[in-house]
Amino acid sequence: MDIAALQTFTSPVVLFFLLGLLAAVVRSDLAIPEAIAKGMSLYLMAAIGLKGGVAVSKSGLDATIITALAAGIAASFLLPFIAYAVLKTFGKLDRLNAGAVAAHYGSVSVVTYVTAVEIFELSAVPAAGFMVAVLAAMETPAILSGLLLAKGGSKNGDPEERGEMLREVFLNASVVLLLGSFAIGMVAGPSGFAEVSPFFEAGFKGVLCLFLLDMGLIAARRMMDSRAITWRLVVIAIALPLFNGALGVLAGTAIGLDVGSAAAFGVLCASASYIAVPAAMRLALPQADPGVYLTMSLSITFPFNILVNIGLLTALAKALGGMPQ
């Protein structure tokens, strides 16, 4: 555990995130233009999708990949039910907001996953490339279960609005780009990827550092401006990723994933969406309070996962896999 924690806190990507947090806390005017931040996000998703597709093209589809995909879809749909129960009882949220928040804790954060992959590399337990497909598969089922919980299975609503919401769920930018680049990587294979690898590999870590600098700024500033978060919700925003992450590592180990992939599955279960799900909630549940669900997922859970939980889940996966810490 000490080694895993040291590797986490000495990683440049984590240190840049800490720099962003610090800059926001001291109220520096440091900022990254929105257009550049969006461009970096597109680059990171395309790169991780391509590399995952290339890795699968080498190994081919097998029972392990199919099982991992099925486990990811099941986890994404079921985890919001656990979150909802906690948010309604301990968190004291109403049904609408509890359902909206719960959806975030079944879906995934691409940036958390990408950061974790870098830390796994440092820990000598790389995740399998096919975990990118699991990441993409886990984005949307949680939205469906969150809406079911918030609306109680009601079928009322404007068909046009439902169609727009479904389009946002299944055709949002992150899902399209991740799955599309993953498919391109599978078709191109190692030889095709070699032509673009200087762009997608050489600059990857540098772009990730700058992106996490921006995320640190955003997370800290939103937390300082928030007035809707109670101490109960802060506890939940830390407890859920701990519980969900441990459950994910256990499940990943049980279905036969290697140590790095089991840790990655734990990170996927622990992460909370702050891009795809908020966009869907704005369309489907406009009455829900974004000051609650965005602050919990982006300003509390995201930093906690980056700074603490990735290291914990790596250590747990190593322990379950019989590897030295």
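Keep in mind that what you see is a predicted model, and the values were worked out from it rather than measured. (Residues numbered from 1 in each chain as written. Predicted model: local features only at pLDDT ≥ 70, side-chain atom pairs only at ≥ 80, totals over all residues. Heavy atoms only, no water.)

### Re the overall build of the chain
And step 1. Tallying secondary structure elements over the chain gives 16 helices and zero strands in all.
And step 2. Scaling as 2.2 N^0.38, a compact globule of 325 residues should have a C-alpha radius of gyration of about 20 Å, and the chain matches this with 19 Å.
And step 3. For the chain, the spread of C-alpha atoms along the principal axes amounts to about 50 × 45 × 40 Å.
And step 4. A buried classification covers 53% of the 325 residues belonging to the chain.
And step 5. Residue pairs in contact within the chain that sit at least 24 positions apart in sequence constitute 88% of those at least 6 positions apart.
And step 6. Here the chain displays about 13,500 Å² of accessible surface, and carbon together with sulfur accounts for 68% of that area.
And step 7. Counting 18 positive and 19 negative side-chain charges, the chain places the centres of these two groups 8 Å from one another. (Helix = DSSP H or I, 4+ residues; strand = E, 2+ residues; numbered from the N terminus. Rg over C-alpha atoms; globule rule 2.2 N^0.38 Å. Buried < 20%, exposed > 50% of the residue type's maximum accessible area, 1.4 Å probe, protein only. Contact = heavy atoms within 4.5 Å. Areas by Shrake-Rupley, 256 points an atom, 1.4 Å probe, with all protein chains shown as cover. Lys, Arg positive; Asp, Glu negative; His and termini not counted. Charge placed at Lys NZ, Arg CZ, Asp CG, Glu CD.)

### Details of the side chain of S181
And step 1. Considering the arrangement of structural elements, one finds S181 in helix 10 (residues 173-194).
And step 2. Assessed through its relative accessible area of 5%, S181 is described here as buried.
And step 3. There is a polar contact of 2.6 Å between the side chain of S181 and the backbone oxygen of L177. (Polar contact = N/O pair within 3.5 Å; in protein donor to acceptor, adjacent residues only side chain to side chain.)

### Quick notes on the pattern of salt bridges
And step 1. Evaluated as defined, the whole model comprises one salt bridge.
And step 2. Across the pair E118 and K205 runs a salt bridge whose closest N-O atoms are separated by 3.6 Å. Of this pair, E118 sits in helix 6 (residues 110-122) while K205 sits in helix 12 (residues 204-225), and the two are 87 residues apart along the sequence. (Salt bridge = Lys/Arg side-chain N within 4 Å of Asp/Glu carboxyl O.)

### Some remarks on the nonpolar core
And step 1. Of all hydrophobic cores here, the largest spans 105 residues; its most connected members are L87, Y113, F130, M131, M281, M296 and F302.
And step 2. At twelve residues, the largest contribution of residues to this core is made by helix 16 (residues 290-320). (Core = buried A, V, L, I, M, F, W, Y, C linked by side-chain atoms within 4.5 Å.)

### What to know about unusual backbone geometry
And step 1. Positioned with a positive phi, R27 is a non-glycine residue whose angle comes to about 60 degrees.
And step 2. For R27, a relative accessible area of 64% gives the class exposed.
And step 3. We note that K92 has phi near 65 degrees; this positive angle belongs to a residue other than glycine.
And step 4. By secondary structure assignment, the location of K92 is in the loop between helix 4 (63-89) and helix 5 (95-104).
And step 5. Residue classification places K92 among the exposed residues on the basis of a relative accessible area of 59%.

In short, shape yes, function no, at least from these values alone.
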